[in-house]
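# Geometric and topological summary
In case you want the letters, here they are:
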Amino acid sequence: MCGIVAYIGHREAYPILIKGLSRLEYRGYDSAGVALINGSLNIYKKKGKVADLENETAGKNVSGKLGMGHTRWATHGEPNDANSHPHLSQSGDVAIIHNGIIENYATLKEELGNRGHEFKSDTDTEVLVHLIEDVQQNTGCELEEAVRLALHEVVGAYAIVIISKNDPAKLIGARKGSPLVVGIGDGEYFMASDASPIIEYTKNVTYLNDGEMAFIKNGELTVKTIDNVVQTPYIQTLEMNLEAIEKGGYEHFMLKEIHEQPKSIYDSLRGRFNPQTGSFAMRSLKEYEGKIKNLNRIIIVGCGTSWHAGLVGEYLFEEISRIPVEVEYASEFRYRNPVVGEDDLVIAISQSGETADTLAAIELAKEKGATIFGLCNVVGSSIPRASHAGAYTHAGPEIGVASTKAFTAQVSILTLLAFGFAELRGKATKQDLRNAFAELESMPAKVEKTLQCEEKVKQLAEWIKDANNVLYLGRGYGFPVALEGALKLKEISYIHAEGYPAAEMKHGPIALIDENMPVIVVATKNSIYEKVISNIQEVKARKGKIIAIVTEGDDKVKKMADHVIEVPETSEFLVPLIATIPLQLLSYYVAVSRGCNVDQPRNLAKSVTVE
Ligand code: G6P
């Protein structure tokens, strides 16, 4: 939530900030703002998108080689101009941008108010910049020291950047709970919520750890803890390239990312298994092999689409590795005093690696002695760093707010893990692994073939676009697919949709079915295919309209359904990788034909760093 970017160096900051904000807009788009220092401190901020901010600044003085920008996802205070970042101190000399929540802001605000501070917004952030200036005035210390001291009084999560009119050669940042990466160029530095605003200029970055601050003073970078211990920053060279974060000819990032799935699935699996030998290799798990053999239970935590991938994981690990699994919403798990112990493995799934609830769930499980395996997409993010072991999904940057390629990459790795664990625990032979891996290896080509349904899906979208409700049904591996299909439609087209286990329909949702209700059924050939057919009949009997996802060549369902979308045949446990694709495309084309903002759906953000 909220994107931040800052620059100090020899170039004009404004174009860097605007471009950076556009790349970070997936993190929030309630408002945008910039602050620039060029003798004076100039602030421009506006409710709405980065494009609205650009209109606001047209013809104004945006010069300055020190500056910072913010794109907001509102927490404290409604989205309006006054609550937009940057915020100013009492004197108006110091400016701040912030991602996160200052939990004790009300107390701090009252104390500062009693000392004569006046606030112009309803935000927690403004309180922090007032506090920083207050500390500096009371102690007479340097700005970076005032930031450090002020942070000691703060409870909550933050990534912040501070600049001051009185310190035009200083850029100060700090993080706790929200990400902040520092880019190191040639005589120039960047700070940002992720590397996307930076990589065009430098690939050398350092990710701040929790409780660290960084400041650039007279061209030199210093990193220290907020307890004042100087750190040697670990500078890494990123492999990310610019094309990966641009649309590459597609109208939307979401469509590009849907089409990238043959490659992203391939990349997620590359080098991790060998179908000829049936061997499975994940270096990070080597030292935990003994633990995996004796595991009591796997607990999977995640949110949103990642939670759906976790559900697929449950089916995989229980069926293939014969390990008991629980799948938990991270937000529930963290507050319900769960029973977790040393013999449990907690798999935390997160595209961004920054989701606040998932991070908190990890911390809780760690305290209780569990081993944590992080399955994340964003390299260097907080969850991998808080985990004992893990794997990156290597799906490449996912910019569309609705997750697509990250989901299929997560499921690919969970499939691999299920077989790897099964072998370790004596539940699968080398031949089982060879067969499964050969099938897994064919997935990129099968997903490519599945994408050929696009034209058909586009036509069906015209029919769905006027619906008020859509029901998605599936059984077995088709059930998480139904949930994910419904979530995609809700997220980007704002049509109410529900995913349900097909057989549970008769205990409630069947009451909703009439001739106006589209029902989308995952009806691929599998061990409970006939059961799903019975569920389709139940819908038909109530005049529901059916779109069925079927295995190519299927005649039976074709006769019953109003429309079918054919997908290539595959093993049952791989159905989620295939059957999800048409549902992603369907929600995309429905949203486009309803005129919705596909990549930036209302009220949502890609990276939810607040609880
Ligand atoms: C937000 C995003 C979803 C995502 C969820 C979990 O709600 O809009 O697309 O599935 O967060 O995010 P994570 O980064 O932890 O997978």
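Before reading further, recall that the structure is shown in the block above.
Everything quoted here is computed from the prediction, not taken from an experiment.

## A few points about the nonpolar core
Within the largest apolar cluster, 90 residues are counted, with the highest numbers of intra-cluster contacts made by Leu 285, Ile 298, Phe 317, Phe 373, Leu 417, Phe 421 and Tyr 472. If you tally residues by element for this core, the top one is helix 20 (residues 575-593), at 12 residues. Split by domain, this core shows at least three residues from each of two domains, domain 2 (251-428) and domain 3 (451-598). Every residue in contact with Ile 298, bar those within four places of it in the chain, is listed here: Phe 317, Ile 323, Pro 324, Val 325, Glu 326, Leu 345, Ile 347 and Phe 421. Formed by 32 residues, the second largest nonpolar core is a distinct cluster that contains Ala 13, Ile 16, Ile 18 and Val 181.

## Some points on the pattern of salt bridges
Taken as a whole and judged by the stated rule, the model has 36 salt bridges. Note that Lys 46 is salt-bridged to Asp 81, the shortest N-O span being 3.3 Å. Here Lys 46, found in strand 3 (residues 40-47), pairs with Asp 81, found in the loop between strand 4 (66-72) and strand 5 (87-88); they are 35 residues apart in sequence, far enough to count as distant. Lys 465 is the salt-bridge partner of Asp 466, the closest N and O atoms lying 3.9 Å from each other. Sharing partners across several salt bridges, the network here consists of Glu 142, Glu 144, Asp 167, Lys 170 and Lys 217.

## Looking at the packing of aromatic side chains
Considering all chains together, one arrives at 9 aromatic pairs under this definition. Ring geometry for Phe 190 against Tyr 201: centres 5.2 Å apart, planes inclined by 15 degrees, an arrangement best described as stacked. One end of the pair, Phe 190, is in strand 10 (residues 189-192); the other, Tyr 201, is in the loop between strand 10 and strand 11 (204-207), with 11 residues separating them in the sequence. By relative accessible area, Phe 190 is classed as buried at 1%. Put simply, the rings of Phe 273, Phe 419, Phe 437 and Phe 573 pair up and form one aromatic cluster. Its guanidinium or amino end placed over the ring of Tyr 529, Lys 525 lies 5.6 Å from that ring's centre, counting from NZ or CZ.

## Thoughts on the sheet that holds strand 2 (residues 31-38)
Reading across from one edge, 3-2-4-1-10-9-11-15 is the order of the 8 strands in this open sheet, with antiparallel pairing throughout. At either margin of the open sheet sits one strand with a lone partner, and together these are strand 3 and strand 15 (236-237). In terms of strand pairing, strand 1 (residues 3-8) meets strand 4 through 6 bridges, oriented antiparallel. Along strand 4, the bridge assignment pairs Ala 6 with Met 68.

## Brief notes about the site of the ligand
In the neighbourhood of the ligand, 14 residues make up the surrounding shell, with Ser 306, Ser 350, Gln 351, Ser 352 and Thr 355 lying closest. For the ligand, an oxygen atom lies 2.6 Å from a polar atom in the side chain of Ser 352. At 3.2 Å from an oxygen atom of the ligand is found a main-chain nitrogen or oxygen belonging to Val 401. Considering each element in turn, the shell around the ligand owes the most residues, 3 residues, to helix 9 (residues 304-321). Grouping the amino acids of the shell around the ligand by side-chain chemistry returns 4 nonpolar, 8 polar and 2 charged.

How each quantity is defined
- Counting restarts for each chain: residues are numbered from 1 in the order of the written sequence.
- The model is predicted, so local features are restricted to residues of pLDDT at least 70 and side-chain atom pairs to those at 80 or more, both for listing and for counting; the totals for chains, interfaces and linings are taken over all residues.
- The side-chain numbers reported here are obtained from all heavy atoms of the structure, hydrogens and water having been left aside.
- Definition of nonpolar core: a set of buried residues of the types Ala, Val, Leu, Ile, Met, Phe, Trp, Tyr and Cys, connected through side-chain atoms within 4.5 Å.
- A 1.4 Å probe rolled over the protein chains alone gives each residue an accessible area, and that area as a share of the maximum for its type sets the label: buried under 20%, exposed over 50%, partly exposed in between.
- Going along the chain from the N terminus, every DSSP run of H or I of four or more residues is numbered as a helix, and every run of E of two or more is numbered as a strand.
- Domain ranges listed in this record stem from an automatic or a database domain assignment.
- Two residues form a contact once any of their heavy atoms are found within 4.5 Å.
- Think of a salt bridge as a Lys or Arg side-chain nitrogen and an Asp or Glu carboxyl oxygen that are within 4 Å of each other.
- For Phe, Tyr and Trp, rings pair up if their centres lie within 6.5 Å, where Trp contributes its six-membered ring, and each pair is then called stacked (planes under 30 degrees apart), edge-to-face (over 60) or tilted (otherwise).
- The rule for a charge over a ring is simple: NZ of Lys or CZ of Arg within 6 Å of the ring centre, and within 35 degrees of the ring normal.
- By the convention used here, strands pair only if DSSP detects at least 2 bridges between them.
- Working definition: residue near molecule or strand if any one of its non-hydrogen atoms lies within 4 Å of it.
- Any pair of N or O atoms that falls within 3.5 Å is considered a polar contact. Within protein, one atom must be able to donate a hydrogen and the other to accept it, and sequence-neighbouring residues count only if both atoms are side-chain atoms.
- As a working rule, the residues Ala, Val, Leu, Ile, Met, Phe, Trp, Tyr, Cys and Pro are called nonpolar, Asp, Glu, Lys and Arg charged, and the rest polar, with Gly in that last group.

That's the geometry; what it means functionally is another story.
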